[in-house]
There are 2 protein chains.
Amino acid sequence: MDRGSGRPLYAQLVADFREKIRTGEWPPGGQLPSERELCTLFAVSRITVRRAIEIGEREGLLHRVHGVGTFAARAPMEQALDRLHSFEQTLAQRGLVASTSVHAATVTVSDLAQSSVLRLDPAAPVTNLQLIGRGDDEPIVFYDSYFPPDVGEEMTAAARRAHEAGTPFSTLDLYRDQAGTRPDRLEQAFEAIVADRRLAGLLSIPEGWPILQVTSVISSAGRPVEYRIACYRGDRYRFAVDRSLPAFS
Amino acid sequence: MDRGSGRPLYAQLVADFREKIRTGEWPPGGQLPSERELCTLFAVSRITVRRAIEIGEREGLLHRVHGVGTFAARAPMEQALDRLHSFEQTLAQRGLVASTSVHAATVTVSDLAQSSVLRLDPAAPVTNLQLIGRGDDEPIVFYDSYFPPDVGEEMTAAARRAHEAGTPFSTLDLYRDQAGTRPDRLEQAFEAIVADRRLAGLLSIPEGWPILQVTSVISSAGRPVEYRIACYRGDRYRFAVDRSLPAFS
């Protein structure tokens, strides 16, 4: 810190943070020292540390999670909404090697949401396929999909084939690989939630971590064939859309 | 609880939850009793309560936030990405009365992210307009917008006019209302974060609450005129998109 330079201390501190991340002393995704430790390390006040963290976060250098800590940010995967990239392609854009494992494949009794979305009788059987998508072996997304039994059977078989072949996949990728169902419509809703104990375990993150939840209804010729709840690590994934604006009248 | 009915206790409990919400005993948005209290209230085990909450959450009845509590859900505002609705229209769809207040309007020195997005010199002056959008007087979104000074001056004046006229607005709505800038392109990214102390205060929610953060770059004839970070309460807002899927080859 150069107290005589006229440059505010917090701005100098942000520059120091940037340097520590650039040199790898604070590796991407790694946790920073606590606020208290940063005060000692840089011989500055708590207020200066907080201000620098706030700016570092806004600049995308840092990622702070309430009650958990502050981390050196990683550039998140970005999935454009106007194109349809495979899970593998999306991760490859950040230089990550994608892989997918089948967490569970079962036949279960549908709850109200599942049967109404899939237009099945209440408590009708549904196939539940749960996948974990990884980047460089780290969990990034948990896919929880429900299918009518006929589609579910095809999809489960396709998932096992893809897994045996070592091909990374999301359920959307699987339709490409099997002869039966041809989806032609995708309705999605984007929401923010926080990880509960179950999701935290599945994604190897602390409870309370931000999660981007994307609920999809996938249809084929007017028939809903899949109801999917995908939970992405909030710090690793974002969705982007680029639109023309209509002329204001 | 009817232990002789053959119907699993957790399923009976979900039905009881639904009834309490339907009758208004648990009003929308209200906090439920703790897990321990629910055990006593319904004379069931902690496991049964947890299972019922998990299902209730999946069915959209309940909304659980780690470290905070479980709440009776409210239907979130849904904004379709393929249309451009005003802030007022989006809230009206759920029967809420929209209002907007100007939290701050200042000229400040741009940080690295702001100057690079707006293509200004580093540390160039920018206008910062901060708005709070409310539904039925409850904060729902915090808009933090940065403009080049010429656009910022127009927008701040337009915000003050709209506020004085009692018209609810987002910054996008404001372009309609002023003569100068005509935006024609909107690039957006959707991310999940959790509320820090500052956001929690601005949105009247507990720290750690889920936030849907939408970063926008708004351009006019190839010039970026606004860099906006909008933070929506995760439990009150979601974005939806409905797409045709290309034929898989």
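Residues numbered from 1 in each chain as written. Chains lettered and ligands numbered in written order. Predicted model: local features only at pLDDT ≥ 70, side-chain atom pairs only at ≥ 80, totals over all residues. Heavy atoms only, no water.

## Some details on the pairing of strand E8 (residues 210-220) of chain B
Residues and elements named next belong to chain B.
- Counting buried positions over the eleven residues of E8 gives eleven, a clear majority of the element.
- Pairing analysis gives ten bridges linking strand E7 (residues 185-194) to E8, with the strands arranged antiparallel. Within E8, the position partnered with Ala192 by the bridge is Leu212.
- In terms of strand pairing, E8 meets strand E9 (residues 223-233) through ten bridges, oriented antiparallel. Within the sheet, the bridge partner assigned to Ser220 lies in E9 and is Arg223.
- With antiparallel pairing between neighbouring strands as the criterion, E8 and E9 make up a hairpin whose turn holds two residues, including Ala221 at a positive phi of roughly 50°. (Buried < 20%, exposed > 50% of the residue type's maximum accessible area, 1.4 Å probe, protein only. Helix = DSSP H or I, 4+ residues; strand = E, 2+ residues; numbered from the N terminus. Pairing = 2+ DSSP bridges.)

## Concerning the domain arrangement of chain A
All names here are of chain A.
- Split into domains, chain A comes out as domain 1 (9-72) and domain 2 (77-240).
- For domain 1 versus domain 2, the separation of C-alpha centres amounts to 35 Å.
- If you look at the interface, domain 1 gives four residues, while domain 2 gives six residues.
- For the domain 1 and domain 2 pair, buried surface summed over both sides reaches about 330 Å², with 85% attributable to carbon and sulfur atoms.
- Looking at the side of domain 1 facing domain 2, the largest losses of area belong to His63, Val65 and Val68, adding up to 89% of the total buried there.
- Where domain 1 touches domain 2, the interface holds zero salt bridges.
- For the pair domain 1 and domain 2, the interface holds zero residue pairs in polar contact (both at pLDDT 80 or more).
- Among the residues making up the side of domain 1 that touches domain 2, the classes are represented as three nonpolar, one polar and no charged. (Domains from an automatic or database assignment. Contact = heavy atoms within 4.5 Å. Buried area = accessible area lost by both parts, 1.4 Å probe. Salt bridge = Lys/Arg side-chain N within 4 Å of Asp/Glu carboxyl O. Polar contact = N/O pair within 3.5 Å; in protein donor to acceptor, adjacent residues only side chain to side chain. Nonpolar A, V, L, I, M, F, W, Y, C, P; charged D, E, K, R; others polar.)

## Description of the sheet that holds E7(B)
- Read across the sheet, eight strands follow the order E3(A)-E10(A)-E7(B)-E8(B)-E9(B)-E6(B)-E5(B)-E4(B) without closing on themselves; strand pairing throughout is mixed. Lying at the two open borders of the sheet, with one neighbouring strand each, are strand E3 (77-80) of chain A together with strand E4 (98-109) of chain B. Within this sheet the neighbouring strands show an average axis-to-axis angle of 20°, counted without direction.
- Pairing between strand E6 (residues 138-147) of chain B and E9(B): six bridges, direction antiparallel. Counted as the bridge partner of B:Asp144 is B:Ile229 from E9(B).
- Lying on the sheet, helix H6 (residues 149-165) of chain B is in contact with E4, strand E5 (125-135), E6 and E9 of chain B; it crosses E5(B) at an angle near 25°. (Axes fitted to C-alpha atoms, helices over the stretch in contact; angles between N-to-C directions.)

## As for the nonpolar core
- A:Tyr232 and B:Tyr232 are the most contacted members of the largest nonpolar core, which has 68 residues in total.
- Listed in part, the 44 residues of the second largest apolar core include A:Phe71, A:Leu118, A:Tyr146 and B:Val65. (Core = buried A, V, L, I, M, F, W, Y, C linked by side-chain atoms within 4.5 Å.)

## Concerning the packing of aromatic side chains
- Here the structure, examined in full by the defined rule, presents 19 aromatic pairs over all chains.
- For the ring pair B:Phe17 and B:Phe42, a centre distance of 5.9 Å and an interplane angle of 70° mean the geometry is edge-to-face. A residue pair is termed long-range when its members are at least 10 positions apart, and B:Phe17 in helix H1 (residues 9-22) and B:Phe42 in helix H2 (residues 35-42) qualify at 25 residues.
- For B:Phe17, a relative accessible area of 0% translates into the label buried.
- On the basis of relative accessibility, which here comes to 12%, the residue B:Phe42 falls in the buried class.
- Chaining the aromatic ring pairs together yields one cluster made of A:Phe87, A:Tyr143, A:Phe190, A:Tyr232, A:Tyr237, A:Phe239, B:Phe87, B:Tyr143, B:Phe190, B:Tyr232, B:Tyr237 and B:Phe239.
- In this structure, A:Arg51 is placed above the aromatic ring of A:Tyr10, and the distance from its NZ or CZ to the ring centre is 4.0 Å. (Phe/Tyr/Trp six-rings, centres within 6.5 Å; stacked < 30°, edge-to-face > 60°. Lys NZ or Arg CZ within 6 Å of the ring centre and 35° of its normal.)

## Quick look at the side chain of B:Thr181
All names here are of chain B.
- Structurally, the position occupied by Thr181 is in the loop between helix H7 (171-177) and E7.
- One polar contact links Thr181 to Glu154, side chain to side chain, over a distance of 2.9 Å.
- Each residue touching Thr181, except ones within four places of it in the same chain, is listed here: Val151, Glu154, Tyr175, Ser220 and Val225.

## As for empty space enclosed by the protein
- One pass over the full model with this rule turns up two cavities of 30 Å³ or more.
- If you add up the space inside the largest cavity, you get close to 160 Å³.
- What lines the largest cavity is a set of 19 residues, and nearest its centre among them are A:Gln79, A:His85, A:Ser170, A:Leu172 and A:Arg228.
- At the level of elements, helix H4 (87-92), helix H7 (171-177), strand E7 (185-194), strand E9 (223-233) and strand E10 (237-244) of chain A are the ones that each hand at least two residues to the lining of the largest cavity.
- The element that contributes the greatest number of residues to the lining of the largest cavity is H7(A), accounting for three residues.
- Across the lining of the largest cavity, the residue classes break down as nine nonpolar, six polar and four charged.
- The calculated volume of the second largest cavity comes to roughly 130 Å³.
- Looking at the second largest cavity, it is lined by 16 residues, and the ones nearest its centre are B:Gln79, B:His85, B:Ser170, B:Leu172 and B:Arg228.
- Of all the secondary-structure elements, those providing two or more residues to the lining of the second largest cavity are H7, E7 and E9 of chain B.
- The greatest single-element share of the lining of the second largest cavity, amounting to three residues, is contributed by H7(B).
- Taken together, the residues of the lining of the second largest cavity sort by class into seven nonpolar, five polar and four charged. (1 Å grid on protein atoms, 1.4 Å probe; cavity = no way out; pocket = protein on both sides within 12 Å on 5 of 7 lines; lining within 4 Å. Points joined across faces, edges and corners; volume = space filled by probe spheres on them.)

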